[in-house]
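As a plain string of letters, each chain reads:
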Amino acid sequence: EDVSDIVAQFPCARLVSLTQNVGAIRALNAGIRATAGVYVGALADDDALYPDHVARHVSALERSGLGVSSSNILVRHLRKLPNDTLALSAFNAETFSYTVDPTEVLCSSPIAGQAMLIRRAFLEEIGEHALYDEDTALADQELQLRLMNHTNFAHVDRFTGEWTIREDPQWHFAHRVQKDVPEDLRRIFAKHPVVARPFVDALRGQVIANVAARPPNAVFAPTIAFNPA
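Presented here is an overview of the structure given in this document. (Residues numbered from 1 in each chain as written. Predicted model: local features only at pLDDT ≥ 70, side-chain atom pairs only at ≥ 80, totals over all residues. Heavy atoms only, no water.)

A separate point is the overall build of the chain. What the chain contains, in helices and strands, is nine helices and seven strands. A globule of 229 residues ought to have a C-alpha radius of gyration of about 17 Å, and the chain, at 18 Å, matches this closely. Taking the principal axes of its C-alpha atoms as reference, the chain extends roughly 55 × 45 × 35 Å. For the chain, the residues scored as buried account for 40% of the 229 residues in total. (Helix = DSSP H or I, 4+ residues; strand = E, 2+ residues; numbered from the N terminus. Rg over C-alpha atoms; globule rule 2.2 N^0.38 Å. Buried < 20%, exposed > 50% of the residue type's maximum accessible area, 1.4 Å probe, protein only.)

Here's what the structure looks like:
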């Protein structure tokens, strides 16, 4: 789908057009390789960043000198109405809204994909392997695990964006959570083993069991809900 008209609205934006649809993660890696900015971040086309997102992250990185920053992200629920339109139905202000614990990142990190800003010099320092893993649906979590092995994360304790959930059984995320995530987690943990840390091993096993036990079409439960009608 041609998006050149959208890109044209942003003078600082540059469209990187691939010859074929390679999927979200490979497209994201292509975009990262094409950038030359001081900082690198990601944003899906159905999510949003608030106007102060970049400024707050840059401030946290410059003050701390760390390689990565993360912030709180509000989960926004959209419900499909009988007329096939989507309407706001709920918010979740808990899932992606607290300081990152280094041990937790080794198991299941509470960081939304667009909540990170990475210093480009840090990416270059740890090499090409720092880009997103193209063989897992949990590429953002796998990257966070790898990054935590090299640096602590500066935390921006503010909501700086919104992550979208569609309350629709046909939405791909609902099926992916139930079907693919447990096996993806096993692959990620096998790729990044921990040595002589039985507590982390136990937490990883519990995370896999919790995800596998989720009911079909499970999503992050809202903390406030209302009737979109």
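What follows covers the packing of aromatic side chains. The final tally for this structure, using the stated rule, is four aromatic pairs. A connected cluster of aromatic rings, assembled from ring pairs, spans F96, W163 and F220. (Phe/Tyr/Trp six-rings, centres within 6.5 Å; stacked < 30°, edge-to-face > 60°.)

What follows deals with helix 8 (residues 181-191). Quick reminder: α-helices carry 3.6 residues per turn. Residues three or four places apart thus point the same way. Within helix 8, burial applies to V181, P182, D184, L185, I188 and F189. With its buried residues spanning 160 degrees around the axis, helix 8 presents them on a single face. (Arc of directions from axis to C-beta.)

Position of A225 relative to the elements: it lies in strand 7 (residues 224-225). When its relative accessible area of 54% is taken as the criterion, A225 is described as exposed. Along the chain, A225 and A90 lie 135 residues apart, while their C-alpha atoms are 4.1 Å from each other. Non-local contacts of A225, meaning those with residues more than four positions away in its chain, are made with S89 and A90. (Contact = heavy atoms within 4.5 Å.)

Let's shift gears to the nonpolar core. A general feature of soluble globular proteins is that nonpolar side chains tend to end up buried together. With 27 residues, the main nonpolar core has V68, M116, I118, Y132, L147, F153 and W163 as its most contacted residues. Sorting the residues of this core by element identifies strand 3 (68-80), strand 5 (116-119), helix 5 (120-126), helix 6 (139-148) and strand 6 (153-167) as the ones contributing at least two each. Of the residues forming this core, the biggest block, four residues, is contributed by helix 6. Filtering out sequence-adjacent residues up to four positions away, Y132 remains in contact with I25, L28, N29, I32, A42, M116, A139, D140, L143 and R146. (Core = buried A, V, L, I, M, F, W, Y, C linked by side-chain atoms within 4.5 Å.)

Residue position: A24 is located in helix 2 (residues 24-34). Linking A24 and A137, residues 113 residues apart in sequence, is a C-alpha distance of 9.6 Å.

Attention now moves to helix 2. Taken residue by residue, helix 2 has N29, A30 and I32 as its buried positions. Buried residues of helix 2 fall within an arc of 160 degrees about the axis and therefore sit on the same side. Summarising the contacts, the buried residues of helix 2 are in contact with strand 1 (39-41) and helix 5.

All right, on to the packing of helix 8 against helix 9 (residues 198-212) then. Contact geometry for helix 8 and helix 9: axes closest at 9 Å, N-to-C directions at 165 degrees. Regarding the angle of helix 8 to helix 9, the classification is roughly antiparallel. Between helix 8 and helix 9 lies a crossing of right-handed hand. Each of V181, P182, L185, R186 and F189 in helix 8 lies in contact with helix 9, whose residues at this interface are R204, V207, I208, V211 and A212. (Axes fitted to C-alpha atoms, helices over the stretch in contact; angles between N-to-C directions. Parallel < 35°, antiparallel > 145°, perpendicular 65-115°, else oblique. Left-handed = near helix turned anticlockwise from the far one by under 90°.)

A separate point is the environment of G31. Relative to the helices and strands, G31 resides in helix 2. When its relative accessible area of 26% is taken as the criterion, G31 is described as partly exposed. C-alpha separation for the pair G31 and S89, spaced 58 residues apart in sequence, amounts to 33 Å.

Applying the stated criterion to the full structure yields 11 salt bridges. A salt bridge links R187 to D184; the nearest nitrogen and oxygen atoms lie 2.0 Å apart. One end of the pair is R187 and the other is D184, both in helix 8 and three residues apart, which spans about a single turn. Overall, the relative accessible area of 3% leaves D184 in the buried class. Among the charged side chains, a salt-bridge network with shared partners connects D133, E142, R146 and K191. (Salt bridge = Lys/Arg side-chain N within 4 Å of Asp/Glu carboxyl O.)

This part takes up unusual backbone geometry. Look at D84: it is not a glycine, yet its phi comes out positive at around 70 degrees. Inspection of the secondary structure puts D84 in the loop between strand 3 and strand 4 (86-96). Residue D84 is classed as exposed on the basis of its relative accessible area, which comes to 57%. For A196, which is not glycine, the phi dihedral falls at a positive 55 degrees. Along the chain, the position of A196 falls in the loop between helix 8 and helix 9. Relative accessible area serves as the criterion here: at 73%, A196 is assigned to the exposed category.

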